[in-house]
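Here is how the chains run, residue by residue.
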Number of protein chains: 2
Amino acid sequence: MIKIAIDAMGGDFAPEEIVKGIEIARDRYPELAFELYGTEEAVRPLIQNFDRLTLVPTTEVIEMGEEPVKAMKNKTDSSMVRAAQAVKNGEADAFFSAGNTGAILSSAIFIVGRIKGVDRPALASALPSFGGPNDSFVFMDLGANAENKPSHLYQYGILGSFYAGSVMGIKQPRVRLLNNGGEEDKGDDTHKAAHQLMKQTASFNFLGNVEAREILEGTADVVVADGFSGNATLKAIEGTAMTMLDQLKSAIKGSGIRGMLGALLLKPALKSLKHELDFNDQGGAVVLGVKAPVIKTHGSAKASAVANSMGQIQTMVKEDLVGKTTTFIKENADALKAKKIEK
Amino acid sequence: MIKIAIDAMGGDFAPEEIVKGIEIARDRYPELAFELYGTEEAVRPLIQNFDRLTLVPTTEVIEMGEEPVKAMKNKTDSSMVRAAQAVKNGEADAFFSAGNTGAILSSAIFIVGRIKGVDRPALASALPSFGGPNDSFVFMDLGANAENKPSHLYQYGILGSFYAGSVMGIKQPRVRLLNNGGEEDKGDDTHKAAHQLMKQTASFNFLGNVEAREILEGTADVVVADGFSGNATLKAIEGTAMTMLDQLKSAIKGSGIRGMLGALLLKPALKSLKHELDFNDQGGAVVLGVKAPVIKTHGSAKASAVANSMGQIQTMVKEDLVGKTTTFIKENADALKAKKIEK
C-alpha cells in the first residue's frame with residue numbers, strides 16, 4: 001500500500017474539493033491510502049467513509065498570502081507542515097498540497113529534505129506537446145529558484161530527464177535549454193555557460209537551445225529554464241491561452257445568432273481544445289530533487305485535478321523515481337562536482 | 001517632408017514585400033518620402049513610379065543568420081548599414097528594416113547612436129490589451145540586452161513611458177515591472193532593486209509588479225522586463241497564440257461536416273480574433289533610446305506590416321519622441337546618475 005500525506009486545508013476550494021478529489025482517487029487507485037491533515041471540524045463532516053483514509057487533526061492553516069519560510073517555521077501544527085513531517089518520519093511515501101506555493105517548496109526542501117548532491121530542488125510540470133512523438137513534455141524550473149547558476153540548470157537537466165524517463169515513460173528524453181536563440185552563443189552568461197556544461201554531458205541527451213515560441217511544438221521532452229524566465233514563460237502561456245478562449249467566446253457572442261449557431265455546432269471541437277489546454281487539470285507540479293514525491297496543484301484546483309495528481313504520485317512511487325535519481329547522483333558525484341567550477 | 005531610410009533587402013520576403021509596402025505607405029501618408037537602399041538589379045524592376053521615392057544602390061546584403069556586429073562592421077556597403085548611415089548623416093529622419101534583428105540593433109546603437117545618458121537602448125513593441133482603458137501597451141526590453149542591471153530596467157521605464165505618451169497618446173502611462181509575483185520583495189536581486197528604484201521615482205507613473213499571466217489584461221500601459229525574460233515572454237505569447245489557432249483549425253477539421261458548418265458560421269468572429277492577435281501586422285518593434293526612430297518588423301513581414309510601420313514612424317517623428325526623450329534625460333541627468341549607485 002502506498003501512503004500519501006495530504007494537506008487537506010491548502011487551496012482556494014479546500015477542504016471540500018480536496019476531500020472530493022481524494023475520494024475519487026480512492027475509487028480509482030486501489031493501491032493508495034490517504035492520510036488527511038486538517039482541522040477536525042472542517043474536514044470530518046466531509047468524509048463519506050474511512051476506507052483507506054485517515055484524518056489526522058491539526059490546529060493551524062498556512063494561508064495563501066503568508067510569507068512562506070516564516071509560516072513553515074511558526075505554524076508547526078499546520079496541515080501542511082504536519083503532512084510534510086509525516087513523509088520525513090517515514091509514515092507516508094509522498095506529500096500533496098494545493099496551498100501556498102512558497103510554503104510547499106520550503107516544506108519540501110527543509111522538511112522532506114534535498115537528495116544529497118542536489119543543490120537546488122526545482123519545480124517541474126508536464127505541459128502538452130502539439131507535435132512531436134510524445135503528448136507532453138517536462139518544463140522546469142517554474143520558479144522554485146529566482147537566482148540560478150549554470151550548474152543548477154545543468155542539474156535540472158538530470159532531474160527532468162529522470163522524471164520524463166521514469167514517470168512519463170519516454171526513452172532517452174530529449175533535453176533542451178530555454179534560451180533567447182537557437183545558437184549556442186545566445187543568451188546571458190549563465191545560459192551560455194549552462195549550454196556548455198550540457199553540451200559535454202553524458203548524463204542526459206542534450207539537443208541544444210529552444211526558444212519559448214517553439215516549446216509547445218514537441219521538439220523537446222524536457223525544457224530546462226532558469227526559475228525566473230521559466231516562471232514568466234509558463235504564466236505567459238497560461239495567460240495567453242485563457243485570454244484567447246475568452247476572446248473567442250466574446251467574438252462568438254458579438255456575432256449574433258449566426259455566431260451562436262456556429263458555436264453550438266463547434267461545441268465538441270471547442271471542448272476538446274479546452275481540455276487539451278487545461279493542463280492544470282491533468283496533474284500537479286512536482287518538486288524534483290527532494291527525498292520523496294512532493295506534488296502541488298494550482299490553488300484553484302478542483303477535485304478532478306486532485307484525483308489526477310494522486311495517479312501521478314502512484315507512478316512516481318512505483319517507478320522509484322527518487323531512488324533512481326538518488327543512486328544516479330551518488331554514482332556521478334565526482335562528475336557533478338566538476339561542473340560546479342564556475343563563478 | 002519626413003524622409004525614411006529603408007533597408008529594402010532585409011527580411012524573408014525582401015525586396016518584393018518591402019517595396020510593395022512602401023508603395024502602399026506612399027499612397028496613405030502624403031508627408032512621407034522614402035529612400036530605398038538595395039541592390040539595383042533586384043529592386044529597380046519592382047518600383048512602379050519614383051514619386052517621393054529614391055533608390056540608392058548598394059552592393060551588399062546582411063543575411064538573417066550572420067553574426068550581427070561582425071556583419072555590420074564588415075559589410076559597409078550593405079543596404080542596412082547604408083540606410084542607418086543616412087540617418088546618422090542627417091540625410092534621413094528614421095531607419096527601417098525587416099532584416100537580421102541583431103544587426104539592426106547594432107546599427108541603431110553604433111551607427112545612429114545612443115541618446116546621451118541612455119545606457120542601454122531597448123527593443124519595444126506594442127501588444128494588444130484585452131481589458132483596461134487602452135487598446136494596447138508597450139512591452140520592453142524584448143531582447144536587445146541579455147544582461148540587465150536595475151538601473152537599465154529603470155531607464156526602460158522612462159523610455160517606454162515617453163513612447164506610450166507621445167506615440168500612443170496615453171496620458172500618465174501606467175508602468176509596471178514584469179516579475180514573478182505581485183509583492184515588491186518578489187524576484188531575483190535585479191528585479192527587487194529595480195522595483196525599489198521605480199517605486200521612488202517621479203519620472204514616471206509606477207504601479208508595481210505584473211506577472212506574465214496578466215500582461216494582456218490591460219493593467220499596464222508600459223510593461224518593463226529584463227531583455228532575457230521579456231524575450232521569452234513575448235515568444236511564449238506568440239507561440240501559444242499560433243498553437244491555439246492551429247489546434248482550433250484541426251479540432252474543426254476533425255469534427256466532420258458539423259464542425260465545418262460551425263466554422264463557416266463563425267468565420268467572421270474567428271477572423272476578427274485572428275486580426276486582434278496578429279499584432280506583428282499592426283506595426284514594428286521600435287529601438288528606444290537612440291537618436292532617431294528605428295523600426296524593425298518581423299523577418300516574415302508582408303507589405304501591410306511594412307506600410308503600418310511607416311505610419312508608426314510618421315507619428316514618432318511628428319511627436320518629436322526623440323527630442324522630448326533627449327530633453328528629459330538631459331534635465332534629469334543628476335537624478336538618473338543617482339539611480340546607478342548599485343552593484
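Our subject in this report is the structure included herewith. Predicted, not measured: the structure shown is a model, and the values here were computed from it.

The rules we used
- By convention here, each chain's residues receive numbers from 1 onward along its written sequence.
- The order in which chains are written sets their letters, starting at A; the order in which ligands are written sets their numbers, starting at 1.
- With pLDDT at 70 or above as the cut-off, local features in this predicted model cover only qualifying residues; side-chain atom pairs require 80 or more to be listed or tallied, and sums for whole chains, interfaces and linings still use all residues.
- Side-chain numbers come from the whole structure's heavy atoms, not from hydrogens or water.
- Paired rings are identified among Phe, Tyr and Trp, the last through its six-membered ring, by centres lying within 6.5 Å, and are further divided according to the angle between planes into stacked (under 30 degrees), edge-to-face (over 60) and tilted (the rest).
- Helix and strand definitions here come from DSSP, where helices need a minimum of 4 consecutive H or I residues and strands a minimum of 2 consecutive E residues; each element is numbered from the N-terminal end.
- Relative accessibility under 20% of the residue-type maximum defines a buried residue, over 50% an exposed one, and the middle range a partly exposed one, all with a 1.4 Å probe and only protein chains included.
- Placement of a positive charge over a ring is assigned whenever Lys NZ or Arg CZ falls within 6 Å of the ring centre and within 35 degrees of the normal to the ring plane.
- The contact definition used throughout considers only heavy atoms, calling two residues in contact when any of these lie within 4.5 Å.
- Summed over both partners, buried area is the accessible surface (1.4 Å probe) that two parts give up on being assembled.
- Throughout this description, the term salt bridge denotes a Lys or Arg side-chain nitrogen within 4 Å of a carboxyl oxygen of Asp or Glu.
- We call two N or O atoms a polar contact when they sit within 3.5 Å, provided that within protein one can donate a hydrogen and the other can accept it, with sequence-adjacent residues counted only if both atoms are side-chain atoms.
- To line up the copies, we fit them by least squares on C-alpha atoms, keeping just the residues with pLDDT of at least 70 in both.
- Strand pairing is defined by DSSP finding a minimum of two bridges between the two strands.
- Here an angle of 0 to 180 degrees is reported between the N-to-C directions of two axes, which are lines fitted to C-alpha atoms, with helices fitted over the stretch in contact.

Take the packing of aromatic side chains next. Residues and elements named next belong to chain B. Inspection of every chain in the model, using the stated rule, returns six aromatic pairs over all chains. Each ring, one from tyrosine 154 and one from phenylalanine 204, has its centre 5.6 Å from the other, and the planes form 40°; the classification is tilted. Placement of tyrosine 154 in helix H6 (residues 150–166) and of phenylalanine 204 in the loop between helix H7 (189–199) and strand S8 (205–210) is noted, with a sequence separation of 50 residues between them. Assessed through its relative accessible area of 2%, tyrosine 154 is described here as buried. What makes phenylalanine 204 buried here is its relative accessible area of 8%. If you follow lysine 302 out to its NZ or CZ, it ends over the ring of phenylalanine 13, 4.9 Å from the centre.

Moving on: the interface of chain B and chain A. Between chain B and chain A, the residue contacts involve 53 residues of the former and 52 residues of the latter. Taken together, the two surfaces of chain B and chain A that pack against each other cover about 4400 Å², and 70% of this comes from carbon and sulfur. Together, B:Arg213, B:Phe228 and B:Met244 form the three largest contributors to the area buried by chain B at its contact with chain A, with a combined 17%. Notably, a salt bridge pairs A:Glu211 with B:Lys235, separated by 2.1 Å at the nearest N-O pair. At the junction of chain B with chain A, the criterion picks out six residue pairs in polar contact (both at pLDDT 80 or more). Counting residues per element, the ones that place at least two in the side of chain B that touches chain A are H7, helix H8 (227–253) and helix H9 (256–277) of chain B. For the side of chain B that touches chain A, the leading source of residues is H8(B), giving 21 residues.

Before going further, it helps to examine the relation of the copies chain B and chain A. By a simple turn and slide, chain B fits onto chain A: the slide is 0.0 Å along the axis, the RMSD is 0.0 Å, and the turn is 180°. Both copies are brought into coincidence by an operation consistent with a two-fold rotation axis. No C-alpha of chain B lies nearer the rotation axis than that of B:Gly262, which sits 1.8 Å from it. Of the residues that chain B buries at the interface, 98% are likewise interface residues in chain A, meaning the two copies contact each other through the same surface.

Residue and element names in this part refer to chain A. Residue methionine 140 is joined to aspartate 141 through a cis peptide bond whose omega torsion reads -10°. Following the sequence through the fold, aspartate 141 ends up in the loop between strand S6 (136–140) and helix H6 (150–166). Phi angles above zero are rare outside glycine, and arginine 52 is one such case at about 50°. In this fold, arginine 52 is placed in the loop between helix H2 (40–43) and strand S3 (53–57).

Let us now look at the sheet that holds strand S3 (residues 53–57) of chain B. Residues and elements named next belong to chain B. Within the open sheet, the 11 strands sit side by side as S3-S2-S1-S4-S11-S10-S5-S6-S9-S7-S8. Their pairing is mixed. Where the open sheet ends on each side, the last strands, each with one partner, are S3 and S8. Taking the axes of each pair of neighbouring strands and ignoring which way they run, one obtains an average angle of 25° across the sheet. Sheet topology places strand S6 (residues 136–140) next to strand S9 (residues 222–224); three bridges connect them, and they run parallel.

All names here are of chain A. Read across the open sheet, the 11 strands follow the order S3-S2-S1-S4-S11-S10-S5-S6-S9-S7-S8; overall the sheet is mixed. If you trace the sheet from one side to the other, it starts and ends with S3 and strand S8 (205–210), each paired once. Neighbouring strand axes in the sheet, compared pairwise and without regard to direction, differ in orientation by 25° on average. As defined by bridge partners, strand S7 (residues 174–178) adjoins S8 across four bridges and the pair is classed as parallel. Note that in S8 the partner of arginine 174 across the bridge is asparagine 205.

This part takes up the pairing of strand S10 (residues 285–288) of chain B. Residues and elements named next belong to chain B. Burial of the side chains of S10 extends over both faces: Ala285 and Val287 are buried on one face and Val286 and Leu288 on the other. Direction of pairing for S10 relative to strand S11 (residues 294–296): antiparallel, over a ladder of two bridges. Paired with valine 286 across the bridge in S11 is isoleucine 295. In this structure, the hairpin formed by S10 and S11 is closed by a connection of five residues, where glycine 289 is found at a positive phi of approximately 105°.

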